[in-house]
Amino acid sequence: MIDVRGVSAVTLADGVRAGKWRAREVTEAYLDRIARHDGGLGCYLLVDADGARRRADAVDATQKAGRDAGPLAGVPLGIKDIFCTRGLETTCASKILRGFIPPYESTVTERLGAAGAVALGKLNMDEFAMGSSTENSAFQPTRNPWSTGHVPGGSSGGSAAAVAASLCAGATGTDTGGSIRQPASLCGVVGVKPTYGRVSRYGVIAFASSLDHPGPFGRTVEDTAALLEVMAGPDPLDATSIPQPVGAYRKATRAGREGLAGVRLGVPAEYFQAGLDAEVEAAVRAAIDELARAGAKIVPVSLPHTKYAIATYYLICTAEASSNLARYDGVRFGHRTAQARSLDELYSKTRGEGFGAEPKRRIMLGAYVLRAGYYEAYYGKALRARRKIADDFSAAFAGCDAIVTPTSPVPAFRAGERVADPLQMYLADVYTVAPDLAGIPALSQPCGLTKGGLPIGLQTIGPALGEEICFRVAGAYESRTDWHTRLPPEATS
Amino acid sequence: MSANASGEREVPSHKPIAGGAGPSQGPGQKYEVVIGLEVHVQLATRSKIFSWSSAAFGGEPNTNTDPVCLGLPGTLPVLNRAAVESAIRLGLAAGCTIRPRCRFARKHFFYADLPKGFQISQFDEPICDGGAIQFRLHGEAHAVRLTRIHLEEDTGKNIHAPAGVSFVDYNRAGVPLCEIVSEPDLRSAEEAAEYVRAVRALVRYLGIGDGNMEEGSLRCDANVSLRLHGAAAYGTKAEIKNMNSFKNVREAIEHEIKRQAAILDRGERVAQETRLWDPARGVTQSMRSKESAHDYRYFPEPDLPPLVVTEAELAAFRAALPELPTERFARYTGPVGLSPQDAGVLVADREIAVYFDAVVAAGAPAKRAANWVINEVLGRVDDPRRLGDADLPVPPAALAELVKLVEDGTLSGKLGKDVFGKMWGERRGAAEIVAVEGLAQVSDGGALEEICRRVVDASPDVVARVQGNPKLIGFFVGAVMKETGGKGNPKAINEILRRLLGQPTP
């Protein structure tokens, strides 16, 4: 069996396309790793072994027939369980969607499949993507491969942990307040949140529509670039998708290896204040020094409205979530209570039984935010604050090409530590929410390990549609360091 | 939803454009009736407003559906531009201001026929503002101001079976709707019904919907309140729902006016509530009170970018508008020279007007053509819109041919009607029927004179009495007609008889 531990997706695709490996062999290697290592990690909610073998065989048949199976030929991917997959149960890690088998495929997974990728199964997450530790999954927690006593971050914790533990060669995620970048940081992998609308949301179960950003996870920057090139692009099924052509992200990543001459990198003081862990700060500052050595000019920038980001985010995301989660009523799909004697009871019991504590909390907060007569005081004000936060970035980008910050103020925290304290949990997103509010691209990559052996992440933020500069900076850093080559210890089942 | 919802605003009361206030009857003598209407019009687009399944009426339950209109997780709405075009054309026809940029909003409530737990509608930024609906009632022109017209999606339909089982049909979910909200300008149930008729005519003229109240493609809710004549503030209103015919609209509102008047007469207060019209029992019944009214928690729909309408699009739509009822009415009563009554009948449906215009274009004199269309053609169809059918038994050109045969004296009026009956029943042309059946009017002076002489000679007693009683000439006319088998030209017969009997020609 091929040893796929730590192998990059790009290497696998090149090997399959060159005839070095068969997609089926690669897939079997990952299925074997999942069988041996996922028991102790809990990354997968569903392993679709048969489907994966079928898809791998189809790739091999295409290659054998002399045709190119695509840029991701034979690359086994994990799919966050928020992406609808035709014929395959999709739960969003919620009891309310247990048994829901979508009759349609998300645009993202459709495109990945068409590019030759092989979906292995569905990955765990915080219920409806609400959380920063993957402890809010209705079905199981996911452990951090670097230390199983710690959380992998969230909400895409299953995706980050699976990539870190080589239980897939890459994964999909969604980032609403940091749900790709924060777990990528805590698990020592690369995660990219592109510009809002750059990747279609069709078939991605909505949490907060104006903030939901699908994006890729990978072992290397180039892996995420390769995945994003396939995932991105306009989609007639998503009216908010943007029409501009997709950038050359792999090329930009490789350009970074030639250095960062002429690139100005902004460092915002607001992201290096109280609450930032000392080890994280030291690692990120060291990474910025490395970028300077790569030729970048480091400039101070100011993002004065950063302090309003968390409050703004929670007003908008709860309002939108309360609306998006209204459709889970037990009438057409998913869980339906067995106890209802009236329509009102059907709603209250179905929702009472089906939703976990965090979705319920956010539905209530959101309903409060939107209630008649208070729209301006809460939602309206949040929209204005959002504008100011976006304007901060626009002003900053007048003086720099990209901004570099820590991804998370702290490394992975202990499992159970913040479960009882939602506010503490919400602060895990303090450095990631602002780019979501502004809809601009941001990437997290590994830039160190704590003395305790936990990964630290560096975040690179670009202007709208500035994915390429993010990839160039990240590619430069990765080519000059070896953090991305560090692997967590093998988990035992 | 409606801007006329608040009962407290002071607004000058509506008056007909011409003439004074409308007639007051019953409770209207003490109280002024104030009515505002919300009319929902289904737009006859091919696909739904935000997804691809068919928007057609009917079909086996849940066959015209797709993941988007069912509100399945992860699906997203994409706006159908055909629905936007229909709304804009309606707005232009009603003289509304079309917003260059507007937004959709989510309106939240829980009901089994509402798939997403919210309806995509418009709230603070509707596509059309202002405008008016014009109609004529008892010879007076009315212009009822509009607050707004907005676009939204329809809900599905609950079907309640016996034994407490309910089913939901989502075929209707996502069918595009225009909601037309009037100012509280209407002053009687009759005006309200006429207003709805006018909306339907507009919708049909524009071809954007079929406006069928029974099938629910045109629905109407009424906000009704009373106040003492001369009072500045509005009274408390009740919203009346479930009126699915013009008759229902009139009767429900009439009933509601009486109900509120009785409450006010007792010195009590009208409760602000939503009431359902029960056509079987002829009463309105309370559905929900103001206290239990929904908080719709409106907010801008994040899945849809703002809707932008360019000046160029507007200009193109405006240029492509058909001739509308009010414009046609003006043309018919002006240059065409018809009476307001006839013009009113002809413009009521676009198909009638188009048919009439085609008859005139084919050479028939306008007034005659109007009579034939109103008295003969409309009497033979169950739905006036059938006049637009390509396979109508008597197409406009055929009617024009008949009208000309009557005009030039070939056929008498009475025979003309018989020929029309044959044309309709047998789908044959007028000239053919006249020729084959020998129905051409006998106008030949010599032949007619011979018959007239014979008839006069046969009844000397009557001839003797004609001098004292000129009306008796009709006796001879009838006899001659009988002799000619109804084909004699009555005008010629009259002239000959008067000459023979020494009577002056009138």
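Cut-offs used in this document
- Residues numbered from 1 in each chain as written.
- Chains lettered and ligands numbered in written order.
- Predicted model: local features only at pLDDT ≥ 70, side-chain atom pairs only at ≥ 80, totals over all residues.
- Helix = DSSP H or I, 4+ residues; strand = E, 2+ residues; numbered from the N terminus.
- Buried ≥ 20, exposed ≤ 12 C-beta atoms within 10 Å, placed from the backbone.
- Contact = placed C-beta atoms within 7 Å.
- Pairing = 2+ DSSP bridges.
- Domains from an automatic or database assignment.
- Nonpolar A, V, L, I, M, F, W, Y, C, P; charged D, E, K, R; others polar.
- Core = buried A, V, L, I, M, F, W, Y, C linked by C-beta atoms within 7 Å.
- Axes fitted to C-alpha atoms, helices over the stretch in contact; angles between N-to-C directions.

## A few points about the overall build of chain B
When its secondary structure is counted, chain B shows 15 helices and 17 strands. Along the first, second and third principal axes, the C-alpha set of chain B runs to 95 × 55 × 55 Å. Within the span of chain B, comprising 506 residues, buried residues form 44% of the whole. Counted over contacts in chain B with a minimum sequence separation of 6, partners at least 24 positions apart contribute 70%.

## Overview of the sheet that holds strand 4 (residues 105-108) of chain B
Residue and element names in this part refer to chain B. Sheet architecture is open: 3 strands sit in the order 5-4-16, paired in antiparallel fashion. The sheet terminates laterally at strand 5 (118-121) and strand 16 (299-300), the two strands that pair on one side only. Sheet topology places strand 4 next to strand 16; 2 bridges connect them, and they run antiparallel. When the sheet's bridge partners are listed, A105 is paired in strand 16 with P300.

## A word on the domain arrangement of chain A
Residue and element names in this part refer to chain A. Domain annotation for chain A reports domain 1 (9-258 + 411-452 + 481-485) and domain 2 (306-390). Computed from C-alpha coordinates alone, the two centres of domain 1 and domain 2 are separated by 25 Å. Taken together, the elements giving at least two residues each to the side of domain 1 that touches domain 2 come down to helix 14 (422-426) and helix 15 (433-438). Here the side of domain 1 that touches domain 2 is composed, by residue class, of 18 nonpolar, 8 polar and 4 charged.

## Notes on the nonpolar core
Core analysis: the biggest nonpolar cluster contains 224 residues, and L77 and V473 of chain A together with A192 of chain B have the highest contact counts within it. Looking at which element gives the most residues to this core, the answer is helix 2 (residues 189-206) of chain B, with 11 residues. Dropping the residues within four chain positions of it, V473 of chain A is found in contact with G256, L260, V263, L265, L291, A402 and T460 of chain A. Formed by 37 residues, the second largest nonpolar core is a distinct cluster that contains V345, A364, A370 and I433 of chain B.

## Some remarks on the interface of chain B and chain A
Opposite the 26 residues of chain B that make contact, chain A presents 36 residues. When the residues that make up the side of chain B that touches chain A are grouped by side-chain class, the tally is 17 nonpolar, 4 polar and 5 charged.

## Points about the domain arrangement of chain B
One can read the domain layout of chain B as domain 1 (31-313), domain 2 (323-436) and domain 3 (445-501). Using C-alpha coordinates to define each centre, domain 1 of chain B is positioned 65 Å away from domain 3 of chain B.

## Focus on the environment of S159 of chain A
All names here are of chain A. Note that S159 resides in helix 5 (residues 157-164). For S159, a count of 39 C-beta atoms within 10 Å translates into the label buried. Sequence separation between S159 and G173 is 14 residues; the distance between their C-alpha atoms is 6.6 Å. Not counting residues within four places of it along the chain, the set of residues in contact with S159 comprises G78, K80, L123, A171, T172, G173, P183 and F217.

## A few points about the pairing of strand 10 (residues 442-449) of chain A
All names here are of chain A. Among the 8 residues of strand 10, 7 are classified as buried, and the element is accordingly described as predominantly covered. Relative to strand 10, strand 5 (residues 190-193) is paired through 3 bridges, and the arrangement is antiparallel. Paired with G191 across the strands is S444, a residue of strand 10. Where strand 10 folds back on strand 11 (residues 455-461), the antiparallel hairpin that results is connected by 5 residues, among which G453 adopts a positive phi of roughly 85°.

## Focus: the sheet that holds strand 1 (residues 44-47) of chain A
Residues and elements named next belong to chain A. Taken in spatial order, the 11 strands line up as 1-3-2-4-6-5-10-11-9-7-8 in an open sheet, and their pairing is mixed. If you trace the sheet from one side to the other, it starts and ends with strand 1 and strand 8 (297-301), each paired once. Between one strand and the next, the sheet's axes are offset by a mean angle of 30°, whatever the strand orientation. Sheet topology places strand 2 (residues 76-80) next to strand 4 (residues 170-175); 2 bridges connect them, and they run parallel. Bridge assignment links G78 to a residue of strand 4, and that residue is A171. The strands touched by helix 7 (residues 221-231) within the sheet are strand 4, strand 5, strand 6 (213-218) and strand 10, with strand 6 carrying the most contacts at an inclination of about 145°.

## Concerning the pairing of strand 13 (residues 238-241) of chain B
The pairing of strand 12 (residues 218-228) of chain B with strand 13 of chain B spans 3 bridges and is classified as antiparallel. In the strand pairing of strand 13 of chain B, A222 of chain B is matched with I240 of chain B.

## Things to note about unusual backbone geometry
With an omega of 5°, the peptide bond running from G154 of chain A to S155 of chain A counts as cis. Residue placement: S155 of chain A occurs in the loop between strand 3 (118-123) and helix 5. One non-glycine residue with positive phi stands out, namely R297 of chain B, at about 50°.

## Concerning the environment of S51 of chain B
Residues and elements named next belong to chain B. Topologically, S51 is positioned in the loop between strand 1 (31-42) and helix 1 (81-93). When the 22 C-beta atoms within 10 Å are taken as the criterion, S51 is described as buried. Considering only alpha carbons, one finds S51 and C69, 18 residues apart in sequence, at a separation of 6.4 Å. Here S51 is in contact with D66, V68, C69, P77 and G174, once residues within four sequence places are set aside.

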